[in-house]
Amino acid sequence: MELVETLQKLTGAFGPSGCEGPVAEVIRAMAEPYADECFTDTLGNLIVHKKGNGPRVMFSAHMDSIGLIATHIEKEGFIRFGKVGGLDLPAIYQLPVRFQNGTQGVIAVNEDKEGEKLRLNDLYVDIGAKDRAEAEQKVSVGDMAVFSSPAIMAGRRVVSPYLDNRVGCLVLLMALKRIQTHTNDLYFVFSTQEEVGCRGAKTAAYSIDPDYGLAVDVTGADDVPSATHGSSTKLGGGAAIKVMDSSVICHPVMVKKLQALAAEQGIPAQTDVLRSGGTDAGSIHITRLGVITGGISVPCRYIHAPSEMADQDDIEACAALAAALAESELPKL
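Residues numbered from 1 in each chain as written. Predicted model: local features only at pLDDT ≥ 70, side-chain atom pairs only at ≥ 80, totals over all residues. Heavy atoms only, no water.

Asks: Outline the overall build of the protein chain, supporting the account with residue identities and numerical values.
Replies: Summing up its helical and strand segments, the protein chain has nine helices and 17 strands in all. In summary, the protein chain has a C-alpha radius of gyration of 20 Å against a globular reference of 20 Å for 333 residues, a match within 12%. Within the protein chain, buried positions represent 56% of all 333 residues. For the protein chain, the share of sequence-separated contacts (at least 6 apart) that also reach a separation of at least 24 residues comes to 75%. Carbon and sulfur atoms make up 50% of the accessible area of the protein chain, which amounts to about 13,900 Å² in all. If you average the places of the 30 positive and of the 42 negative side-chain charges in the protein chain, the two averages end up 2 Å apart. (Helix = DSSP H or I, 4+ residues; strand = E, 2+ residues; numbered from the N terminus. Rg over C-alpha atoms; globule rule 2.2 N^0.38 Å. Buried < 20%, exposed > 50% of the residue type's maximum accessible area, 1.4 Å probe, protein only. Contact = heavy atoms within 4.5 Å. Areas by Shrake-Rupley, 256 points an atom, 1.4 Å probe, with all protein chains shown as cover. Lys, Arg positive; Asp, Glu negative; His and termini not counted. Charge placed at Lys NZ, Arg CZ, Asp CG, Glu CD.)

What follows is the structure in structure tokens.
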């Protein structure tokens, strides 16, 4: 239950792109006991350093989430909003949301658009205000909001908003706790603004200048009815070792290293090929003169929907593989 309880704390923390401070505080409190130093850079990336004399290895899991941002308050008190990241409009209709100050509401649709293909302009947030004056006491233009659904269990699977990518943050926290001995110089980055362009990882990688990079994120599961085979993984199949997505073709040295570690240590693993979508690996691998970069992915159903699903055993396998890489011998470049 420790895994589930930790994940619930992470998915419940506020942290849409550009406003990651609250979730960063939660992660920092969990990471500090296992770190030599923790610090935050200009873009808000939380960087957890375990010092070593070997090659610099950067692990990155983005801590930001998709969300919405208030753009206008109607005279009736309803909040019009814009996207922060890739919102799936049909999936968020009638969804409860909360703003950072605790104000809660529900996403609704203009009555004349019910049953039609939705556009952003057809939706608004109802916070229960009687008019604009009351609404402005609770919400200001520029305030962000996030999904407010609880995390639940379905057998060995966890269902929650924002598994993308709080589950990746959980994997890195679990890996930090597992590491016993290491010579590599380890940087665990909990990055910002991935959902709007992998921005935080770009500046963090430039600063750290790693020899090796690893992005930990979710990947699409290809095990649902009428799957279009845009991805290659399934829930319960183990850690997904990334080969390619639309942001990166992983370095063969890293792919082979992860495959070998999984085989040697009996860690369940599968291959991750994703037709579209990207991760922090896309920013890391082209930093400076280039970085030997790979990815470990947690298979996930219903990505960017309010209720995503992942398997506890896959999470454990990803953490074990990330820790194995951290402890492994890597050639100094």
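Asks: Give a detailed account of unusual backbone geometry, specifying residues and quantitative values.
Replies: The linkage connecting D164 with the following residue, N165, adopts the cis geometry, with an omega of 5 degrees. Structurally, N165 is set in helix α5 (residues 163-178). Phi is positive for Y162, close to 65 degrees, though the residue is something other than glycine. Here Y162 is to be found in the loop between β11 (157-160) and α5. Phi is positive for Y302, which is not a glycine, with a value near 65 degrees. As for its position among the elements, Y302 is in the loop between β16 (292-300) and β17 (308-311).

Asks: Outline the environment of G238, listing residues and values.
Replies: You can see G238 is positioned in the loop between β13 (212-220) and β14 (239-244). Residue classification places G238 among the buried positions, given a relative accessible area of 2%. Expressed as a C-alpha distance, the spacing of G238 and Q312, which sit 74 residues apart in the sequence, is 9.7 Å. Beyond its immediate chain neighbours, meaning those up to four positions away, G238 contacts P268, A269, Q270, P299, D314 and A317.

Asks: How would you explain the packing of aromatic side chains if you had to name every residue and give the values?
Replies: Summed over the entire model, instances satisfying the criterion amount to three aromatic pairs. Between the aromatic rings of F78 and Y124, the centroid separation amounts to 4.8 Å while the plane-to-plane angle is 45 degrees, which identifies the pairing as tilted. With F78 in the loop between β4 (67-73) and β5 (79-84) and Y124 in strand β8 (residues 123-126), this residue pair connects regions lying 46 residues apart in the sequence. Relative accessible area serves as the criterion here: at 14%, Y124 is assigned to the buried category. Ring centres 5.2 Å apart and planes at 5 degrees place the aromatic pair F147 and Y162 in the stacked group. With a gap of 15 residues between them, F147 in strand β9 (residues 144-147) and Y162 in the loop between β11 and α5 connect regions that are remote in the sequence. In terms of burial, F147 and Y162 fall into one category: buried. (Phe/Tyr/Trp six-rings, centres within 6.5 Å; stacked < 30°, edge-to-face > 60°.)

Asks: Could you give me a rundown of the side chain of N165, with the residues and numbers involved?
Replies: Judged by its relative accessible area of 0%, N165 falls in the buried class. Setting aside anything within four residues of it in sequence, one finds N165 in contact with A61, H62, D64, V216, D217 and V218.

Asks: Tell me what's going on with the pattern of salt bridges, and back it up with residues and numbers.
Replies: Applying the stated criterion to the full structure yields 14 salt bridges. For E32, the salt bridge goes to R28, with nearest N and O atoms at 3.1 Å. By relative accessible area, which is 41% here, E32 ends up partly exposed. For D122, the salt bridge goes to R119, with nearest N and O atoms at 3.6 Å. Residue classification places D122 among the buried residues on the basis of a relative accessible area of 2%. Connected through salt bridges with shared partners, the residues R56, D209 and R288 form a single ionic network. (Salt bridge = Lys/Arg side-chain N within 4 Å of Asp/Glu carboxyl O.)

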